[in-house]
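Below are the chains, spelled out letter by letter.
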Amino acid sequence: NNQDTIQRQRLAELVSELYLTTGKKRERAWAAAVAALQKLGVPQSRIDHLRTQDNPALVAELVKELEGSK
């Protein structure tokens with residue numbers, strides 16, 4: 001449970017990075033976000049959709065959703 005909290009916090013931080021970065025830094029932020037989502041048990045199909053959309057706002061919505069379900 002503590003790991004979930006840590007991963008949710010990390011994911012929230014990564015949302016900010018996704019909004020602010022471009023290029024290789026953005027790719028690294030996405031890679032870290034995908035890893036955090038996997039650790040949180042988000043279905044791979046949803047992760048793939050988020051990655052394809054490349055929209056930090058969608059990740060932010062998911063963070064809110066995860067916060068509400070803890």
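Look above for the structure.
The notes below deal with the structure included here. (Residues numbered from 1 in each chain as written. Predicted model: local features only at pLDDT ≥ 70, side-chain atom pairs only at ≥ 80, totals over all residues. Heavy atoms only, no water.)

## Focus on the packing of helix α3 (residues 44–53) against helix α4 (residues 56–68)
A packed helix pair is summarised by two numbers, namely the angle formed by the two axes and the spacing between the axes. The geometry of α3 relative to α4 is characterised by a closest axis approach of 10 Å and an angle of 145 degrees between their N-to-C directions. Each of Arg46, Leu50 and Gln53 in α3 lies in contact with α4, whose residues at this interface are Leu58, Val59, Leu62 and Glu65. Residues belonging to the contact of α3 with α4 are distributed by class as follows: four nonpolar, one polar and two charged. (Axes fitted to C-alpha atoms, helices over the stretch in contact; angles between N-to-C directions. Helix = DSSP H or I, 4+ residues; strand = E, 2+ residues; numbered from the N terminus. Contact = heavy atoms within 4.5 Å. Nonpolar A, V, L, I, M, F, W, Y, C, P; charged D, E, K, R; others polar.)

## A look at the environment of Gly68
Take Gly68: it is sitting in helix α4. The class of Gly68 is exposed, set by a relative accessible area of 66%. Sequence-wise, Gly68 and Gln38 are 30 residues apart; in three dimensions their C-alpha atoms are separated by 18 Å. (Buried < 20%, exposed > 50% of the residue type's maximum accessible area, 1.4 Å probe, protein only.)

## Details of helix α1 (residues 2–20)
In this model, α1 (19 residues) spans 28 Å end to end at C-alpha, consistent with the 27 Å of a helix rising 1.5 Å per residue. Residues of α1 that are buried: Gln7, Arg8, Leu11, Leu14, Val15 and Leu18. An end-on view of α1 places all buried positions within 120 degrees of arc, on one side of the element. Exposed side chains of α1 directed beyond 90 degrees from the buried face belong to Asn2 and Leu20. Next to the buried residues of α1 lie α2 (23–39) and α4. (Expected span 1.5 Å × (residues − 1). Arc of directions from axis to C-beta.)

## Here's the deal with the packing of α2 against α3
At a minimum axis distance of 10 Å, the contact between α2 and α3 shows a crossing angle of 160 degrees. Considered as vectors, α2 and α3 are oriented roughly antiparallel to each other. In this structure, α2 meets α3 at a crossing whose hand is right-handed. In this structure, α2 uses Glu27, Trp30, Val34, Leu37 and Gln38 to contact α3, whose residues at the interface are Gln44, Ile47, Leu50 and Arg51. Tallied by class, the residues present in the contact of α2 with α3 amount to five nonpolar, two polar and two charged. (Parallel < 35°, antiparallel > 145°, perpendicular 65-115°, else oblique. Left-handed = near helix turned anticlockwise from the far one by under 90°.)

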